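Chain and residue survey
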Amino acid sequence: MYSKCTQPNSQHSAKERKKEYRHIPKRGAMTSESTDRVATVTTSRPGTPLQISWFEFLLDSTLLEKHLQKAFPDPTNVQLIIQFLEQASKPSVNEQNQVQPPVDNRRNRTLKLLALKVAAYMKWDLDTLEKGLTIPVLNMLLNELLCVSKVPPGVKHVDLDLSTLPPTTAMGVIIYNRWAIRTIVLSSFPEKQNKPGPHQMQMLSIVQQEKEMTENILSVLKEQASDSISVLEGALRLKKDFYIHTLRTLDLLAADASTTNGETESSTAGLRISAEELHCQVHYDLGGIYFQQGCTDQPAYEKACEHFRQTRELIQKLDSTLHVHLDEKRLAGYWNACRALTGVLDPSDSHSTPYGQINSLIKTHNYQALIEAFIKDNSSRSLPNHFRQSVLREFLHKVQQGERGIDEVCHKLCVCNAVRDALEGEVLSLRFQQLLLRPSKRMVDFILEVCTRSLEKDRPSETSRRNMANFMKTLCESLEELPLVFMVSSHKLFMELLKEEERKVLVEQMRKRSATINLSAKPLPSFYDIPASASVNIGQLEQQLILSLEPRRIRQLLIELHGMAERPFWRVNSKWEVPSDYINVILGIKDNLTKDLVYILMAKGLHCILIKDFAHARQLFSACLELVTEFSPKLRQVMLNEILLLEVRAHETMAAEGSRERPPPDLVSRVRGYLEMRIHDLPLRQVVGEECVAFMLNWRENDYLTLQVPQSLVMNNPYIKLGQLLASTCKELPGPKESRRTAKELWEVVVQICSVSLQHKRTSDGLIKQRDSSNGILHRSKFITFIKKLREPLVLTSLISLFVRFHSIVRDDIVNEVTAEHLSIWPSSLANIQAVDVEAVAVTVKELVSYALTLNPNNQSWLITQADIYFVTNQYPAALHFYLQAGAVCSDFFTKAVPPDVYNDQVLKRMIKCCSMTNCHTQVAVLCQFLREVDYMTAFKALQEQNSHDAMDSLYDYIWDVTILEYLTHIHHKRGESEKRQIAVKAIGQTELNASNPEEVLLLAAQKRKKKFLQGMAKLYF
């Protein structure tokens, strides 16, 4: 996750300020908008005060704090944030009537600052902000927080060292990444889709735009979730207190951004958040994201459990939780769920909580003890009703799945829950009422036993006794067999709870009713065969439809559902999605059953591909293909394309996991057939072409891409064009310079992708990564996605080389250039450098090299490029790490000499600077010997430094240059450091360093010291 912002500049002339505010009405003036509002208010409620407009806060700097301090401010805090950001991000129209992005002027910067001040007044409570603001608005707000907190732009948050950042900067990064993972968790919860009414139809386009914007932001957040988690886990390692911006610090920023940086980031300014409070909140948020990931990654539940345990401990330890905003009920729920899933016991309990005991009994199949626990809980009431109902539902689900021997357990749990409901005056469940239609004598005995034991407390309340008496009466009225009625009416509890008159009236009613009961009637079916209401049956079938992955079962369920109700069952699960390219074709199927079946089979198949369950995906797609072949040639070809995409992804997944098996010729032939296919009116997904092109590049089918792909496809599909250019460039790499025309064409395409129109330098949706690009054949984010599907080393090397040259040109820093292979094939200048999105180029080259190294971390060329990227961005420890790694991989961990083309003078000088910038001056002196001509001036200057952060005199054993050793003896003698001088003298006195030795002996001594020094450095930095 990256930070980008334009720092506010408060230096404006009076003339400029007047120009910026000329369209804001004066305080005393009446605009048409305010006149209408006054008229409306005065005619309806004369005593109601006027709502303050957003522009009034621009005119009076003291008004905001007064407004926020009101008991019931109108507009509310979150409404103010929305208004301020909405006004600050409104596009403008120029004289040619063209829409322009928001101007970066004082007015808009002030509005953004006002929004931040409102959030600061709310103490950055994400709970409240998330409830009141949409994801795009909150994303924009937090990006502005990153700007004012001076988070370095263009740098991934995961690459920042929070311990070295000023307190407000570190806290801004933490708040943003907390929101990122919280948003991912919240987005995973199901939401009921509201059906728009007739008056809302005109709002659909606005709602759709906001939905797309939200989905874009979520995709970025999910892509960078691991980075956010790493940032927050890093925050947990910090033990210092934190400070976050307040109204005061933001006012100081507004007053003079250039001089107040020190004050707002000092240890005394801002709102102090103790380390324990922050850790408590971060542990809770990390627990939530790990719990959400546990659905697909079982070990994540253990991490979630540990974070929730830490949260609970910190809450108990904290004297005040003023700055901790979390839902303790939800925390308790998370904790119990984690313990049930992982089997962890709570050390704070003597044995286990009631939840833990129940889950333990279920896991060990100790059902008798489980029923006993439920009966005892009827008296103690420590388990909430929803938990008890969830246990019953779990057993009912097991019955539906075919598990034998637990029918009676279900009956008894149902009885226990019914008695608990009765004691609390709740309505008895439908399931229990069905159970009473034909109960056995044994079941009635059990009901009476549960009722008796549920009132075993010393002094049950009068309400409980009254509720139990009503339950006994209901029981009698529900039973149809007279002997069972008499069992209840003659029971001791019945006699105690009901008065004599009530008993007589009830028994008489039962006698009269018995005359109408036909005791010889056909026996009623068993409990699970009793026909429930239609809605209950439909709900159960829909649940099975959601869970099933077997095509025949899905078809059978849909036939049953359509026999019960005529409605679109493809809408049962909001997570079922098919590509928008196909939706019209599928929904155009006239037969509703067939429509549902095709939609659901395709949606489930696509989901299986997403989770890499290729076996089930093949079954579902094959069934769908067989179905559509009967009536739709168009859908048949669609399914053949999707099956091809499935096979391509399955093979690529195997290759990514280490398989070296080439794809079968049949698959390659089908991919070629798809790329050459020309069928009119056939809906095509570009992703199929994208994956096919990546597949052909990865398996070096360059001849086909360069010679045989139809030109019409190259012109219409940007991925095929990119594939053709990449394949041609790779084929031409060994050739002479004049044959590299394709490389120039590829260069121009990539430059266009990374270029933006001048009026679109900053988008209004607040996204960090994505920026509108109307010039290229692809959006940059889609281009990056395509690149991350490539695995062929030569293709990746070519792209890295291109972006390194591109990056060097836009940075225009000859001294600090990044190196890579094949740089000479690319142009050395740009015609329209002003249109290039410099930040996009920097981010892309970093992402590309990082991705390549995940595929092959031992490619020394990529490692040197990665090191150079860190070097030119002043991240010296990271740069040195990769320089050492590049040397290690090509020398068997420095057991052999590093090739001179790897450790050339430029690389060695950069390693020297890295050591110098980290104050490791003795290491600088040692490395100066590695150069072709020893750099004595740099070595002597480094050795003069007395404040060195390395091993200093312990490194003298790695110096073989006698001149440097003589200088060391001199400087230590001059300083009076006799012990260190003695170490230098001992080093210079070694026989193998004698200048009279043969050249071979001196070279061998140097090589031995180089090897040991580099191995020691590697251990230090790896």
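Counting restarts for each chain, with residues numbered from 1 along the sequence as it is written. It should be noted that, the model being predicted, local features are given only for residues of pLDDT at least 70 and side-chain atom pairs only at 80 or more, the latter also being counted only at that level, while totals for whole chains, interfaces and linings use all residues. Computation of side-chain values: all heavy atoms of the structure, hydrogens and water removed.

**Looking at the overall build of the protein chain**
Helix and strand counts for the protein chain come out as 49 helices and four strands. When the 1022 residues of the protein chain are sorted by exposure, 49% land in the buried category. Within the protein chain, contacts between residues at least 6 apart in sequence are counted, and of these 69% link residues at least 24 apart. Only the protein chains shown count as cover for residues, with accessible areas throughout obtained via the Shrake-Rupley method and a probe of 1.4 Å. Roughly 51,600 Å² of accessible area belongs to the protein chain as shown, and the carbon and sulfur atoms make up 51% of that amount. Numbering of helices and strands starts at the N terminus; helices are DSSP runs of H or I of at least 4 residues and strands are runs of E of at least 2. Under the scheme applied here, a residue whose accessible area is under 20% of the maximum for its type counts as buried, over 50% as exposed, and between as partly exposed, the area being computed with a 1.4 Å probe on protein chains only. Contacts are assigned to residue pairs with any non-hydrogen atoms lying within 4.5 Å of each other.

**Describing the packing of aromatic side chains**
Two descriptors summarise a pair of aromatic rings, namely the distance from one centre to the other and the angle between the planes of the rings. Think of it this way: a Phe, Tyr or Trp ring, Trp meaning its six-membered ring, pairs with another when their centres are within 6.5 Å, and the plane angle makes it stacked under 30 degrees, edge-to-face over 60, tilted otherwise. Overall, the coordinates contain 22 aromatic pairs when judged by the stated rule. Seen from their ring centres, F893 and F894 are 5.9 Å apart, and the 55 degrees between their planes marks the pair as tilted. Taking 5.9 Å as the distance between ring centres and 35 degrees as the angle between the ring planes, the aromatic pair formed by Y936 and F940 counts as tilted. In this pair, Y936 and F940 are both assigned in helix α46 (residues 936-943), four residues apart and thus about one turn of the helix distant. Taking relative accessible area as the criterion, Y936 reaches 30% and is therefore assigned partly exposed. A relative accessible area of 21% means that F940 is categorised as partly exposed. Stacked on the ring of F930, the Lys or Arg K1010 has its end atom at 5.4 Å from the ring centre. In this scheme, Lys NZ or Arg CZ marks a charge over a ring once it lies within 6 Å of the ring centre and within 35 degrees of the ring normal.

**Examining the environment of A987**
On the secondary structure map, A987 appears in helix α48 (residues 978-988). Not counting the four nearest positions on each side in its chain, A987 is found in contact with Y956, L965 and L993.

**A few points about the pattern of salt bridges**
Definition used for salt bridges: Asp or Glu carboxyl oxygen within 4 Å of a side-chain nitrogen of Lys or Arg. In total, this model carries 39 salt bridges according to the counting rule given. Residue K789 is joined to E690 by a salt bridge in which the shortest nitrogen-to-oxygen separation is 3.1 Å. Residue K789 is found in the loop between α39 (780-787) and α40 (793-811), and its partner E690 is found in helix α34 (residues 686-698); the two are separated by 99 residues along the sequence. Accessibility expressed as a relative area gives 23% for K789, which makes it partly exposed. Of the charged contacts in the structure, one is a salt bridge between E992 and K1008, with a shortest N-O distance of 3.4 Å.

**Observations concerning the nonpolar core**
Nonpolar core, defined: a set of buried Ala, Val, Leu, Ile, Met, Phe, Trp, Tyr and Cys residues in which side-chain atoms within 4.5 Å join the residues together. Membership of the largest hydrophobic core comes to 161 residues, with the highest contact counts inside it found for F806 and Y903. When near neighbours in sequence (up to four residues on either side) are disregarded, Y903 contacts Y883, L884, G887, F894, V898, L908, M911 and L1014. Residues L80, A120, V155 and I229 belong to the second largest nonpolar core, which totals 83 residues.

**Some thoughts on the side chain of H279**
Along the chain, H279 falls in helix α14 (residues 275-293). For this analysis, a polar contact is any N or O atom pair within 3.5 Å, provided that within protein one partner can donate a hydrogen and the other can accept it, and provided that sequence-adjacent residues contribute only side-chain to side-chain pairs. Among the polar contacts listed, one links the side chain of H279 to the backbone oxygen of A235, at a separation of 3.4 Å. Among all residues touching H279, those that are not within four sequence positions of it are A235, L236, L238, K239 and L314.

**Comments concerning unusual backbone geometry**
You will see that H365, though not glycine, has its phi angle at about 60 degrees, which is positive. Of note in this structure, K612 is not a glycine but carries a positive phi near 65 degrees. Using a relative accessible area of 54% as the deciding quantity, one classes K612 as exposed.

**Considerations on the packing of helix α37 (residues 718-732) against α39**
Contact pair α37 / α39: the axes reach a minimum separation of 12 Å and the direction vectors enclose 55 degrees. Here α37 lies oblique to α39, going by the angle between them. Crossing angle aside, the handedness with which α37 passes α39 is right-handed. Residue-level contacts link Y719, L722 and L726 of α37 to K782, F783 and F786 of α39. A fitted line through C-alpha atoms serves as each axis, taken over the contacting stretch for helices, and the angle formed by two N-to-C directions is quoted from 0 to 180°. When an angle is under 35 degrees it counts as roughly parallel; over 145 it counts as roughly antiparallel; between 65 and 115 it counts as roughly perpendicular; any other value is oblique. Handedness of a crossing follows from how the near helix is turned relative to the far one, being left-handed for an anticlockwise turn of less than a right angle and right-handed for a clockwise one.

**Focus: helix α17 (residues 354-363)**
Those residues of α17 lying buried are G356, I358, N359, L361 and I362. Buried residues along α17 sit in contact with α16 (328-342), α18 (367-380) and α19 (385-400). In the stretch just after α17, H365 is the one whose phi turns positive, near 60 degrees.

**Focus: the packing of α19 against helix α20 (residues 407-423)**
For the pair α19 and α20, interaxial distance at closest approach is 10 Å and the crossing angle is 160 degrees. As judged from the angle between their axes, α19 and α20 are roughly antiparallel. With respect to the hand of their crossing, α19 and α20 are arranged in left-handed fashion. Where α19 abuts α20, its residues N385, R388, Q389, V391, L392, F395, L396 and V399 lie against D407, V409, C410, L413, C414, C416, N417, R420 and D421. All residues other than Ala, Val, Leu, Ile, Met, Phe, Trp, Tyr, Cys, Pro, Asp, Glu, Lys and Arg, Gly among them, are scored as polar; the first ten of these are nonpolar and the last four charged. Of the residues contributing to the contact of α19 with α20, the split by class is ten nonpolar, three polar and four charged.

**Considering the confidence of the model for the protein chain**
Low pLDDT means the predicted atomic positions in that stretch should not be read closely. Confidence of the predictor in every single residue is expressed as pLDDT, which spans 0 to 100. Summing up the model confidence of the protein chain, the mean pLDDT is 80 and the portion of residues at 70 or higher is 83%. Segment residues 516-534: pLDDT under 50, and 20 contacts once partners within four positions in sequence are set aside and those in other chains are kept.

**Comments concerning the environment of G234**
Position of G234 relative to the elements: it lies in helix α11 (residues 225-236). Considered as a pair, G234 and L162 are 72 residues apart in the sequence and their alpha carbons are 7.6 Å apart.

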